[in-house]
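# A closer look at the structure
Okay, here's what each chain looks like letter by letter:
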Amino acid sequence: MRVIGLMSGTSYDAIDAAAADLRLDGDRLVLEPLGMVSEAYDEELREALAAALPPAATSLAEVCRLDTGIGQAFAAAAVRADRELCGGQAELVASHGQTVYHWTDGGKVHGTLQLGQAAWIAEATGLPVVADFRPRDIAAGGQGAPLVDLIDLLWLRGRPGTPVALNLGGIANLTAPDGTAFDTGPACALIDAAARGFSGGTMAYDVDGALAARGTVHEPLLRRLLEEPYYALPAPKTTGKELFHLGYLRDALAGFGTLRAEDVVATLTMLTARTVADAVLALGTGEVIASGGGVRNPVLMGMLGQRLPGIPLRASDELGLASDAKEAYAFAVLGFLTAHGLAGTEPASTGARHASVLGSITPGRDGLRLPPPGARAPKRLVVT
């Protein structure tokens, strides 16, 4: 089955559309990557999205407008991926949508909201669309995240030692071979917030870690940031920009006077490296396979490597999945599993009572033709 996976993370800078040929072969799920295209949000939509995210106030009218605009943007990305990567032969679209709120309270997740109405994607492509992946796991008592953990578990199974998968997006998350998976805290979320705040919005992120490279870690600020209670919570746990945002950073900076932008960004980069490394070391891993936008930040990767002496730190590109496309491929896999009636969660990772078939399906132009029942859940993922 040829599937397009659509993903926009907590940095909300662009929509990634990755296409893959997927097939079941005995106990293996075989994935052949076909490539990825990326479509930036237009500036007006991006600004409207940023203005509506917590802790800002918004209205139901604005949520409706965003749901439509994001859905249309995702639809355009899917049409382009089908044309350029699949030759017009895609069979299914799997859309994560854009997370705008993850409702947590006292370490428990009560709900989640991803915008990007699937009907726009189905109408534009003519293909069935799987969307709204996270709510089912939450309804089953889980955290609704991280969902890429099942793909990580299948993919890393059989590698020697105890490899750990690390994703460095807006939020950092880990997956261990025993099924343990959780968000460690911010990856690029606070770094991006600082870059935008100090630049007056002209910088979306710290390009190539240039700001951090010119700065010096401010130890008192780092100690204050490390006092965040989230880091001490047991796994499974999940977080997002509803906690780690520009207002959070401004509160942390209170009382320190005027600090250089470079020093603040260097400190936030060390915060990510420190919290990720502490979580990795607690798992006793022998190898870290990293993906996500943070992999392109050499200062972050250097700090992380220094805090993980003797532990190989590799980008997922070395194993056949482009680090900036891995999450989009992961949702292509989850959509494929849903279409085959197979569970897309690992309860040990999300804390759910049981594994669940994820998402809701919007039929395509020709109705809905699902694969015949009887498929067996794969035990390994092989990337060709």
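Report on the accompanying structure. (Residues numbered from 1 in each chain as written. Predicted model: local features only at pLDDT ≥ 70, side-chain atom pairs only at ≥ 80, totals over all residues. Heavy atoms only, no water.)

## Quick word on the overall build of the protein
We count it as follows: Numbering goes from the N terminus for both helices and strands, where a helix is a DSSP run of H or I of at least four residues and a strand is a run of E of at least two. To get the radius of gyration, use the C-alpha atoms; to get the globule rule, take the number of residues to the power 0.38 and multiply by 2.2 Å. Per-residue accessibility, obtained with a 1.4 Å probe over protein chains only, is compared with the maximum for each type, and a residue is labelled buried under 20%, exposed over 50%, and partly exposed between these values. In what follows, residue pairs with any heavy atoms lying within 4.5 Å of each other are defined as contacts. Under the convention used here, a 1.4 Å probe and the Shrake-Rupley method define accessible areas, while residue burial counts only the protein chains that appear. Counted charges follow a simple rule, with Lys and Arg positive, Asp and Glu negative, and His plus the chain ends left uncounted. Every charge is mapped to an atom, namely NZ of Lys, CZ of Arg, CG of Asp or CD of Glu.
Helix and strand counts for the protein come out as 13 helices and 13 strands. Against the globule reference of 21 Å for 384 residues, the protein gives a C-alpha radius of gyration of 20 Å, in line with a compact fold. In the protein, buried positions account for 54% of the 384 residues. Sequence-distant contacts, at least 24 apart, represent 73% of the contacts inside the protein between residues at least 6 apart. As presented, the protein carries roughly 15500 Å² of accessible surface, and 52% of it is formed by carbon and sulfur atoms. Taking the average location of the 31 positive side-chain charges in the protein and that of its 42 negative ones, the two points are 4 Å from each other.

## Regarding the nonpolar core
In a soluble, globular protein the nonpolar side chains are often hidden away together inside. Rules: Residues enter a nonpolar core if they are buried and are Ala, Val, Leu, Ile, Met, Phe, Trp, Tyr or Cys, with the set joined through side-chain atoms within 4.5 Å.
In this structure, Leu166, Leu168 and Leu268 are the most contacted members of the largest nonpolar core, which totals 48 residues. Of the residues forming this core, the biggest block, 11 residues, is contributed by helix α10 (residues 261-283). Those residues within four positions of Leu168 in sequence are excluded, and the remaining contacts are Ala187, Cys188, Val276, Ser291, Gly292, Gly293, Gly294, Val295, Leu300 and Met301. Counting 37 residues, the second-largest nonpolar core is a separate cluster that includes Leu92, Leu147, Tyr329 and Leu342.

## Structural notes on the pattern of salt bridges
Defined as follows: Salt-bridge detection follows one rule: a side-chain nitrogen of Lys or Arg within 4 Å of a carboxyl oxygen of Asp or Glu.
Inspection of every chain in the model, using the stated rule, returns 14 salt bridges. In this structure, the salt-bridge partner of Asp152 is Lys326, at a minimum N-O distance of 2.6 Å. Of this pair, Asp152 sits in helix α5 (residues 149-156) while Lys326 sits in helix α12 (residues 326-339), placing them 174 residues apart in sequence. For the pair shown, Asp152 and Lys326 are each scored as buried.

## Looking at the packing of aromatic side chains
Geometry of an aromatic ring pair is reported as the spacing of the ring centres plus the angle between the planes. Quick reminder of the rule: Each aromatic pair joins two rings of Phe, Tyr and Trp (for Trp, the six-membered one) with centres within 6.5 Å, and gets the label stacked for planes under 30 degrees apart, edge-to-face for over 60, and tilted for any other angle.
Evaluation of the coordinates by the stated rule reveals 5 aromatic pairs. When the ring of Tyr231 is compared with that of Phe244, the centres are 6.3 Å apart and the planes differ by 20°; the resulting orientation is stacked. Taken together, the residues span a long stretch of sequence, with Tyr231 in the loop between α8 (219-226) and α9 (246-253) and Phe244 in the loop between α8 and α9 at a distance of 13 residues. Accessibility expressed as a relative area gives 18% for Tyr231, which makes it buried. Measuring from centroid to centroid gives 5.2 Å for Phe244 and Tyr248, while their planes differ by 70°, and the two rings are edge-to-face.

## Some details on the sheet that holds strand β7 (residues 163-168)
Put simply, the rule reads: Between any two strands, at least two bridges found by DSSP are needed for them to pair. Angles here are taken between N-to-C directions and fall from 0 to 180 degrees, while the axes themselves are lines fitted to C-alpha atoms, restricted in helices to the stretch in contact.
Strand order in the open sheet formed by 5 strands is β9-β8-β7-β10-β11, and the pairing between neighbours is mixed. Two strands bound the open sheet, and with one partner strand each, they are β9 (181-186) and β11 (313-315). Averaged over all neighbouring strand pairs, the angle between strand axes comes to 25°, with direction disregarded. Two elements, strand β10 (residues 287-291) and β11, share 3 bridges in a ladder whose sense is parallel. Across the sheet, Ala290 pairs through a bridge with Ala315, a residue of β11.

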